[in-house]
Amino acid sequence: MPLSVYHSHRKRFAMPDMAPDTELILSCIRKSLPPGTELSLEKSFGELGIDSLRLSQITVEIEDTLGLTLEDSDIEGILTSSTLRDVVRQVEDRVRKRS
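Residues numbered from 1 in each chain as written. Predicted model: local features only at pLDDT ≥ 70, side-chain atom pairs only at ≥ 80, totals over all residues. Heavy atoms only, no water.

Peer 1: Explain the nonpolar core residue by residue, including any values.
Peer 2: In a soluble, globular protein the nonpolar side chains are often hidden away together inside. Counting 23 residues, the largest nonpolar core has I29, I50, I62, L66 and L84 as the members making the most contacts within it. Sorting the residues of this core by element identifies α2 (20-31), α3 (45-48), α4 (52-66) and α6 (84-98) as the ones contributing at least two each. Beyond its immediate chain neighbours, meaning those up to four positions away, I29 contacts L39, I50, I58, L84 and V87. (Core = buried A, V, L, I, M, F, W, Y, C linked by side-chain atoms within 4.5 Å. Buried < 20%, exposed > 50% of the residue type's maximum accessible area, 1.4 Å probe, protein only. Helix = DSSP H or I, 4+ residues; strand = E, 2+ residues; numbered from the N terminus. Contact = heavy atoms within 4.5 Å.)

Set out below in structure tokens:
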């Protein structure tokens, strides 16, 4: 992602005390939700109404945005995550493994 776009993402999706990867991951999730849906790291996919189609959209968006490939085990981990905080950790772990 070009730096200028990243900066506009940070301003638009900035949440306090979060690493840039966290902000990017949440922006990927937000893109698949109806406008105005409030995100919280403590919400679950169920609370946000994320179904299997939206999960597919989210995983593709995360892969494209962060330039990585999520394995089946990663997607299973995301599916079984209790909260968005858990989802973020799963993806950040995958990013670290790639490095």
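Peer 1: Provide a residue-level description of the pattern of salt bridges, including the pertinent values.
Peer 2: A complete count under the given rule lists 6 salt bridges for this structure. Between D86 and R89 there is a salt bridge; the shortest N-O distance is 3.4 Å. One end of the pair, D86, and the other, R89, are both in helix α6, 3 residues apart, so they sit about a helical turn from each other. For R89, a relative accessible area of 45% corresponds to the partly exposed category. Across the salt bridge formed by D93 and R96, the nearest N and O atoms sit 2.5 Å from each other. Remark: R96 and D93 occur in helix α6; sequence separation between them is 3 residues, near one turn of the helix. A relative accessible area of 54% means that R96 is categorised as exposed. (Salt bridge = Lys/Arg side-chain N within 4 Å of Asp/Glu carboxyl O.)

Peer 1: An account of the confidence of the model for the chain is requested, with residue identities and associated values reported.
Peer 2: Regions with low pLDDT should not have their predicted coordinates read in detail. Confidence in the prediction for the chain averages 79 pLDDT; 79% of positions are at 70 or higher. Across the chain, α4 holds the top mean pLDDT of 91, while helix α1 (residues 3-13) sits lowest at 37. Confidence drops under a pLDDT of 50 for residues 1-18, and excluding neighbours within four residues, the segment shows 21 contacts in the predicted structure. (pLDDT = per-residue confidence, 0-100.)

Peer 1: Help me get a handle on the packing of helix α5 (residues 72-79) against α6, residues and values and all.
Peer 2: At a closest axis distance of 8 Å, the pairing of α5 and α6 adopts a crossing angle of 160°. In terms of axis orientation, α5 runs roughly antiparallel to α6. Handedness of the crossing formed by α5 with α6: right-handed. Where α5 approaches α6, its residues D74, G77 and I78 are matched on the opposing element by V87, Q90, V91 and R94. Residues of the contact of α5 with α6, tallied by class, amount to 3 nonpolar, 2 polar and 2 charged. (Axes fitted to C-alpha atoms, helices over the stretch in contact; angles between N-to-C directions. Parallel < 35°, antiparallel > 145°, perpendicular 65-115°, else oblique. Left-handed = near helix turned anticlockwise from the far one by under 90°. Nonpolar A, V, L, I, M, F, W, Y, C, P; charged D, E, K, R; others polar.)

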